[in-house]
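# Commentary on secondary and tertiary structure
Now for the letters of each chain:
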Amino acid sequence: VQLVESGGGLVQAGGSLRLSCVASGTIFTINAMGWYRQAPGKQRELVATMTNGGRTNYADSVKGRFTIQRDNAKNTVYLQMGSLKPEDTAVYYCNAEDGYNTDYWGQGTQVTVSS
(Lines give C-alpha, C1' and ligand atoms only; values in the text may rest on other atoms or scores of the structure.)
Protein backbone atom coordinates (compact mmCIF):
# COMPACT_ATOMS: atom_id res chain seq x y z
CA VAL A 1 0.00 0.00 0.00
CA GLN A 2 1.31 3.43 -0.95
CA LEU A 3 -0.07 6.64 0.50
CA VAL A 4 0.40 10.15 -0.87
CA GLU A 5 -0.75 13.18 1.11
CA SER A 6 -1.46 16.70 -0.07
CA GLY A 7 -3.08 19.87 1.19
CA GLY A 8 -0.81 21.09 3.95
CA GLY A 9 0.35 24.67 4.25
CA LEU A 10 0.40 27.85 6.31
CA VAL A 11 -2.83 29.19 7.74
CA GLN A 12 -3.79 31.76 10.35
CA ALA A 13 -5.37 30.74 13.63
CA GLY A 14 -9.08 30.22 13.19
CA GLY A 15 -8.67 29.20 9.57
CA SER A 16 -9.33 25.93 7.76
CA LEU A 17 -7.42 23.40 5.69
CA ARG A 18 -8.28 20.13 4.04
CA LEU A 19 -5.76 17.33 3.77
CA SER A 20 -6.09 14.55 1.20
CA CYS A 21 -4.47 11.14 1.04
CA VAL A 22 -4.69 8.81 -1.94
CA ALA A 23 -4.03 5.11 -1.46
CA SER A 24 -2.75 2.76 -4.14
CA GLY A 25 -1.45 -0.78 -4.33
CA THR A 26 -3.12 -3.60 -2.42
CA ILE A 27 -5.89 -1.36 -1.16
CA PHE A 28 -8.33 -4.26 -0.83
CA THR A 29 -6.41 -5.29 2.30
CA ILE A 30 -7.05 -1.98 4.08
CA ASN A 31 -9.31 -2.11 7.14
CA ALA A 32 -8.97 1.47 8.32
CA MET A 33 -7.42 4.76 7.31
CA GLY A 34 -6.63 7.83 9.27
CA TRP A 35 -4.41 10.71 10.20
CA TYR A 36 -1.68 11.15 12.78
CA ARG A 37 0.52 14.14 13.53
CA GLN A 38 3.89 14.85 15.02
CA ALA A 39 4.94 18.20 16.39
CA PRO A 40 8.60 19.08 16.96
CA GLY A 41 9.95 17.33 20.04
CA LYS A 42 6.77 15.32 20.54
CA GLN A 43 5.66 11.79 19.79
CA ARG A 44 3.41 11.00 16.87
CA GLU A 45 -0.22 11.06 17.98
CA LEU A 46 -3.55 9.96 16.59
CA VAL A 47 -5.73 12.66 15.09
CA ALA A 48 -8.61 10.74 13.52
CA THR A 49 -9.31 7.33 12.04
CA MET A 50 -12.15 5.72 10.13
CA THR A 51 -12.79 2.02 9.60
CA ASN A 52 -14.19 0.54 6.41
CA GLY A 53 -17.50 0.34 8.22
CA GLY A 54 -17.47 4.06 8.90
CA ARG A 55 -16.65 4.00 12.58
CA THR A 56 -14.60 7.07 13.53
CA ASN A 57 -12.24 7.88 16.36
CA TYR A 58 -10.97 11.36 17.13
CA ALA A 59 -8.41 12.77 19.50
CA ASP A 60 -10.11 14.81 22.20
CA SER A 61 -8.10 17.85 21.15
CA VAL A 62 -9.69 17.93 17.68
CA LYS A 63 -13.27 16.82 18.38
CA GLY A 64 -15.74 19.29 16.98
CA ARG A 65 -13.08 20.98 14.84
CA PHE A 66 -11.79 18.23 12.52
CA THR A 67 -13.75 15.79 10.37
CA ILE A 68 -12.43 12.67 8.68
CA GLN A 69 -14.05 11.49 5.48
CA ARG A 70 -13.40 8.69 3.03
CA ASP A 71 -14.23 8.40 -0.64
CA ASN A 72 -13.84 4.70 -1.35
CA ALA A 73 -14.43 5.18 -5.07
CA LYS A 74 -11.34 7.40 -5.18
CA ASN A 75 -9.35 5.44 -2.56
CA THR A 76 -8.97 8.73 -0.72
CA VAL A 77 -9.24 9.86 2.87
CA TYR A 78 -9.67 13.50 3.81
CA LEU A 79 -9.14 15.49 6.96
CA GLN A 80 -11.18 18.67 7.09
CA MET A 81 -9.64 20.91 9.72
CA GLY A 82 -11.40 23.98 11.08
CA SER A 83 -10.90 26.51 13.88
CA LEU A 84 -7.19 25.79 13.65
CA LYS A 85 -4.96 26.65 16.57
CA PRO A 86 -1.20 27.19 16.75
CA GLU A 87 -0.96 23.95 18.72
CA ASP A 88 -2.25 22.09 15.65
CA THR A 89 1.06 22.86 13.96
CA ALA A 90 2.70 19.56 13.05
CA VAL A 91 3.60 17.20 10.27
CA TYR A 92 0.45 15.27 9.43
CA TYR A 93 0.79 11.67 8.30
CA CYS A 94 -1.73 9.54 6.50
CA ASN A 95 -2.06 6.01 7.85
CA ALA A 96 -3.60 2.79 6.59
CA GLU A 97 -3.93 -0.44 8.50
CA ASP A 98 -4.47 -3.78 6.80
CA GLY A 99 -6.00 -7.03 7.97
CA TYR A 100 -2.65 -8.22 9.28
CA ASN A 101 -2.32 -5.19 11.58
CA THR A 102 0.42 -3.79 9.36
CA ASP A 103 0.63 -0.01 9.28
CA TYR A 104 1.47 1.99 6.19
CA TRP A 105 2.47 5.63 6.25
CA GLY A 106 2.58 8.52 3.85
CA GLN A 107 5.52 10.89 3.62
CA GLY A 108 3.82 13.57 5.70
CA THR A 109 2.58 17.06 4.98
CA GLN A 110 3.41 20.14 7.04
CA VAL A 111 0.61 22.16 8.62
CA THR A 112 1.61 25.44 10.22
CA VAL A 113 -0.88 27.61 12.09
CA SER A 114 0.24 31.14 12.85
CA SER A 115 -1.13 33.11 15.80
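The following paragraphs examine the structure supplied in this document. (Residues numbered from 1 in each chain as written. Predicted model: local features only at pLDDT ≥ 70, side-chain atom pairs only at ≥ 80, totals over all residues. Heavy atoms only, no water.)

### As for the state of the cysteines
To keep it simple, the criterion reads: Here, two cysteine sulfur atoms that lie within 2.5 Å of each other are counted as a disulfide. Only DSSP runs of H or I reaching four residues or more are called helices, and only runs of E reaching two or more are called strands; each is numbered from the N terminus. Categorising residues by exposure relies on relative accessible area from a 1.4 Å probe, with only protein chains included: less than 20% of the type maximum marks a residue as buried, more than 50% marks it as exposed, and the intermediate range marks it as partly exposed.
This structure, assessed with the given rule, holds one disulfide. Put simply, cysteine 21 and cysteine 94 are joined by a disulfide, and their sulfur atoms are 2.0 Å apart. Given an S-S torsion of about -80°, the disulfide between cysteine 21 and cysteine 94 has left-handed geometry. In this pair, cysteine 21 sits in strand β3 (residues 17-24) while cysteine 94 sits in strand β9 (residues 90-98), placing the two residues 73 residues apart along the sequence. Judged by its relative accessible area of 0%, cysteine 21 falls in the buried class.

### Thoughts on the sheet that holds strand β7 (residues 66-71)
Paired through their backbone hydrogen bonds, the strands of a sheet run either parallel or antiparallel. The condition is simple: Any two strands between which DSSP finds at least two bridges are classified as paired. Angles here are taken between N-to-C directions and fall from 0 to 180 degrees, while the axes themselves are lines fitted to C-alpha atoms, restricted in helices to the stretch in contact.
Strand order in the open sheet formed by four strands is β1-β3-β8-β7, and the pairing between neighbours is antiparallel. Looking along the sheet, the strands with just one partner apiece sit at the ends: β1 (2-6) and β7. Neighbouring strand axes in the sheet, compared pairwise and without regard to direction, differ in orientation by 15° on average. Two strands pair when backbone bridges link them, and β3 and strand β8 (residues 76-81) are joined in this way by six bridges, in the antiparallel orientation. From the neighbouring strand, arginine 18 faces β8, where its bridge partner is glutamine 80.

### Re the nonpolar core
Selection criterion: Remark: nonpolar core denotes a set of buried residues (Ala, Val, Leu, Ile, Met, Phe, Trp, Tyr, Cys) joined through side-chain atoms within 4.5 Å.
Ranked by internal contacts, the top residues of the largest apolar core, which has 29 residues, are Met33, Trp35, Leu79, Met81 and Tyr92. Those elements that place two or more of their residues in this core are β3, β4 (30-38), β5 (45-51), β7, β8, β9 and β11 (109-114).

### Topic: the pattern of salt bridges
Between side chains of opposite charge, a pair can form as their charged atoms come close. Rules: Every case where a carboxyl oxygen of Asp or Glu lies within 4 Å of a side-chain nitrogen of Lys or Arg is listed as a salt bridge.
Taken as a whole and assessed by the stated rule, the structure comprises four salt bridges. Of the charged contacts in the structure, one is a salt bridge between glutamate 45 and arginine 37, with a shortest N-O distance of 2.7 Å. Measuring nitrogen to oxygen at the nearest pair gives 2.8 Å for the salt bridge that ties aspartate 88 to arginine 65. Remark: arginine 65 occurs in the loop between β6 (56-58) and β7 and aspartate 88 occurs in the loop between β8 and β9; sequence separation between them is 23 residues. Judged by relative accessible area, which is 1%, aspartate 88 ranks as buried. Taken together, the shared-partner salt bridges connect Arg37, Glu45, Arg65 and Asp88 into one network.

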